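Summary of the model geometry
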Amino acid sequence: MDQSQFSDLLTVQADKFELLRQEVKKVIVGQDRLLHSMLTAITTGGHILLEGVPGLAKTLAVKTLAQALGLQFQRISFTPDLLPADVIGTMIYSPKDGTFSSKKGPVFTNLLLADEINRAPAKVQSALLEAMQERQVTIGNTTYPLPDPFLVMATQNPIEQQGTYPLPEAQIDRFMLKCKVGYPTREEERIIMNRFTRAQNNSVNSVITSDDINSMRQILDQVYCDEKLGDYILDIVFATREPEKHGLDIKHQIEYGASPRGTLFLNLAARANALLHGRAYATPQDVKEVAYDVLRHRVTLTYEAEAEEVSSEDIISLILGEIPVP
């Protein structure tokens, strides 16, 4: 593929991204950063964890995006009495012929909304592990591949901890992005009030197909990441593990640094960020823009840091401010 052909493809993809944004905005007001992060997840095939107080349209945003993408959508409301079989499926016995057959669960879909994921026990949360990492599910003795594309978009409420179960570290690390959803501005909330307090049709049309998503991912492979930018990504990740080697006195505040998945996802997300902006190459600014979403759930703090009211975002800000930009 020569440069002119690639430029034409970038233009076509930019038009599709804009069409998708406009379709979602028929329902969702504001939340531009959230939408951008969800498009990053769609483009890269990564899973996303949305954290925010109730009423910020987290669930509505995921459902609306699924409609605009024309993907099969399933929602699971996680509760303390949920069983793994309610997520992945189970074996059903037939008295008529004395045989067992597999009944597939709601995980067999393109876009799975795991609503209030931290309300389910660890064994139910862990039932998603194989699905999220391997894109397959084992029921009985048979392994079934999941539909392509397959993404998990999970939500959790940070302010109500009674009756919740913290996600296992192994599962948190499988989420490519963790996005914090904030309150709308006064003007955005005025639009929300005017739009949703009257009966009106806010239907969303399917503007993107599965083939379009596969094309986006093929084009993502062509987005250039310079060797120096790769070194910059490695410096950021290693600064979360060995901060003293980068002149940072924060070792006492970090229990565990980012895993190698942090490196992979920083690279992918930075290139996807460039693609969403219509560029054929990633820059250090792309890395900085995605660093918080990629790393905030991968930097585990010590009790000392929590006592000092230091957040993972504070650590990431300090690292980004100290690591030299190529």
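Residues numbered from 1 in each chain as written. Predicted model: local features only at pLDDT ≥ 70, side-chain atom pairs only at ≥ 80, totals over all residues. Heavy atoms only, no water.

Some words on the packing of helix α2 (residues 32–44) against helix α9 (residues 210–220)
- Taken N-terminus to C-terminus, the directions of α2 and α9 make an angle of 85 degrees; their axes are 8 Å apart at the nearest point. In this view, α2 runs roughly perpendicular relative to α9, as classed from their interaxial angle. Across from Ile42, Thr43 and Thr44 in α2, the residues of α9 making contact are Ile213, Met216, Arg217 and Leu220.
- Of the residues belonging to the contact of α2 with α9, the class tally is four nonpolar, two polar and one charged. (Axes fitted to C-alpha atoms, helices over the stretch in contact; angles between N-to-C directions. Helix = DSSP H or I, 4+ residues; strand = E, 2+ residues; numbered from the N terminus. Parallel < 35°, antiparallel > 145°, perpendicular 65-115°, else oblique. Contact = heavy atoms within 4.5 Å. Nonpolar A, V, L, I, M, F, W, Y, C, P; charged D, E, K, R; others polar.)

Considerations on the environment of Thr79
- By secondary structure assignment, the location of Thr79 is in the loop between β2 (73–77) and α4 (85–88).
- According to the relative accessible area criterion, Thr79 is partly exposed, its value standing at 29%.
- Expressed as a C-alpha distance, the spacing of Thr79 and Ala114, which sit 35 residues apart in the sequence, is 11 Å.
- Among residues more than four places away in sequence, those in contact with Thr79 are Arg119, Ala120 and Pro121. (Buried < 20%, exposed > 50% of the residue type's maximum accessible area, 1.4 Å probe, protein only.)

With respect to the pattern of salt bridges
- For the structure shown, the criterion picks out 15 salt bridges.
- Note that Glu313 and Lys180 form a salt bridge whose closest N and O atoms lie 3.3 Å from each other. Residue Glu313 is located in helix α14 (residues 312–322), and its partner Lys180 is located in strand β9 (residues 175–180); the two are separated by 133 residues in the primary sequence.
- When its relative accessible area of 16% is taken as the criterion, Glu313 is described as buried.
- The closest approach of N and O atoms between Lys245 and Glu242, which form a salt bridge, is 3.6 Å.
- Looking at Glu242, the relative accessible area reads 27%, which means it is partly exposed.
- Because the salt bridges share partners, they merge into one network encompassing Arg33, Lys180, Asp293, Arg296 and Glu313. (Salt bridge = Lys/Arg side-chain N within 4 Å of Asp/Glu carboxyl O.)

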